[in-house]
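Inside the fold
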Amino acid sequence: MPELPEVEATRRELLPAVQGARFERVTLHRGNLRTKFPRRFRARLEGSTVEALTRRAKYLLAHLSSGETLLMHLGMSGSFRVEFDTAGGAADAGLHDHVVFDMSSRATVFFNDPRRFGMMDLVPAGTLATHPTLSQLGLEPLSPEFDGAALAAACRGKKVSLKVALMDQRVVAGLGNIYVSEALHVAHLSPHRQASTIATPTGAPRETADRLVAAIKQVLEEAVARMTGELYRDARFRVYGREHERCLQRGCGGAIRRRTQAGRSTFYCARCQK
Ligand SMILES: [Zn+2]
C-alpha cells in the first residue's frame, strides 16, 4: 500500500507532465474506482490547466484554472505512468489503466489500479478548506510547521501508545505503519511508551518530541529520495519486516521484535528503544 513517500515521489514524477499543462482529453475506461467518478468529470477537466500539483497526507491535489481541485488517492494498488509523445495517446492504455489524461505538455498520464481502491474526485472552488476528509488532517510531517512543539501539543494528555498516536491522522497526517516503526527506531523511542510522555503537563515539548520529529522527517525524506532515484534504491528498512534480525543501531546487539498494536504489526528493538 503506498505510503506518504510513494505519494510524494509520484507527485514529483508527475510535475513535468502536468504542471502548467492543460487537459486536452480525458478518457475513462470505467465508471468508478472505489467510488463513482464525479458528475461531468471529463467535461469539468477538459480545457482546464493544472496551476499547481500539491500533496496533503496521501492525497494528490491538482489545482485547476477552473477553480476546482482534482483530488486523487492511490488506494491500495494505484499508480501513475507518464509517457511523452505516445503515438496513440489514450489508445495505448493497457489492462487496469482506468483513467488516461492527454495533456498539452504532450504527455499522456495513465492511472493504473488493479484493485480499484483508488479515488478521484473534483472539489468545487472555495470548498477545499472545509472538505470533510482534508480538514480533519493534522500537520504535514515534512512541513516547517511540524516541529517538536506541535507534536507535543498534539500528544499532550494522550493515554494511547506513541505508535498508535503517530498513526492517528489528526495528530500527524499521512504517516503509516512502516514509517512510524522506522522513525521510532531512529529516535530510540519505544512504540509502547505513552504518547503524553513526550510533552510536559502543560503541553510543552520534551527533548524526546524534538528527537522524534527529526526522526520522522529523516526517514520520510530518505524514502522519497530513494524512490525518486536520488538515493540508492536498495537501502533496507531499519526495523520493518526484520523480526528476529539484528538491530542495526551501532553497539546495540539487540534483535528486532514484532508486536501487534491496534491490529497492526510494530517492529522495534526493545534494547535501544526506551
Ligand atoms: Zn537496538
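Bear in mind the structure is a predicted one, so any value in this text is a computation, not a measurement.

**What to know about the overall build of the chain**
For the chain, the helix and strand inventory stands at 6 helices and 10 strands. Relative to its length of 274 residues, the chain is compact, with a C-alpha radius of gyration of 21 Å against a globular reference of 19 Å. If one aligns the C-alpha atoms of the chain with their principal axes, the spans along those axes are about 55 × 40 × 30 Å. Going through the 274 residues of the chain one by one, you find that 49% of them count as buried. Considering only contacts in the chain between residues 6 or more positions apart, those separated by 24 or more positions represent 65%. Summed over all atoms, the accessible surface of the chain reaches about 12800 Å², with 50% contributed by carbon and sulfur.

**Notes on the nonpolar core**
Counting 31 residues, the largest nonpolar core has Leu151, Leu166, Tyr179, Leu212 and Ile216 as its most contacted members. Among the elements of the structure, helix H1 (4–18), helix H3 (148–155), helix H4 (162–167), helix H5 (177–186) and helix H6 (207–227) are those that each provide at least two residues to this core. The element that contributes the greatest number of residues to this core is H6, accounting for 9 residues. Those residues within four positions of Leu166 in sequence are excluded, and the remaining contacts are Leu151, Val172, Leu175, Val180, Leu184, Leu212 and Ile216. Core analysis: the next-biggest nonpolar cluster, separate from the first, contains 28 residues, Ala17, Ala62, Phe80 and Phe111 among them.

What counts, and where the lines are drawn
- Residues numbered from 1 in each chain as written.
- Predicted model: local features only at pLDDT ≥ 70, side-chain atom pairs only at ≥ 80, totals over all residues.
- Heavy atoms only, no water.
- Helix = DSSP H or I, 4+ residues; strand = E, 2+ residues; numbered from the N terminus.
- Rg over C-alpha atoms; globule rule 2.2 N^0.38 Å.
- Buried < 20%, exposed > 50% of the residue type's maximum accessible area, 1.4 Å probe, protein only.
- Contact = heavy atoms within 4.5 Å.
- Areas by Shrake-Rupley, 256 points an atom, 1.4 Å probe, with all protein chains shown as cover.
- Core = buried A, V, L, I, M, F, W, Y, C linked by side-chain atoms within 4.5 Å.

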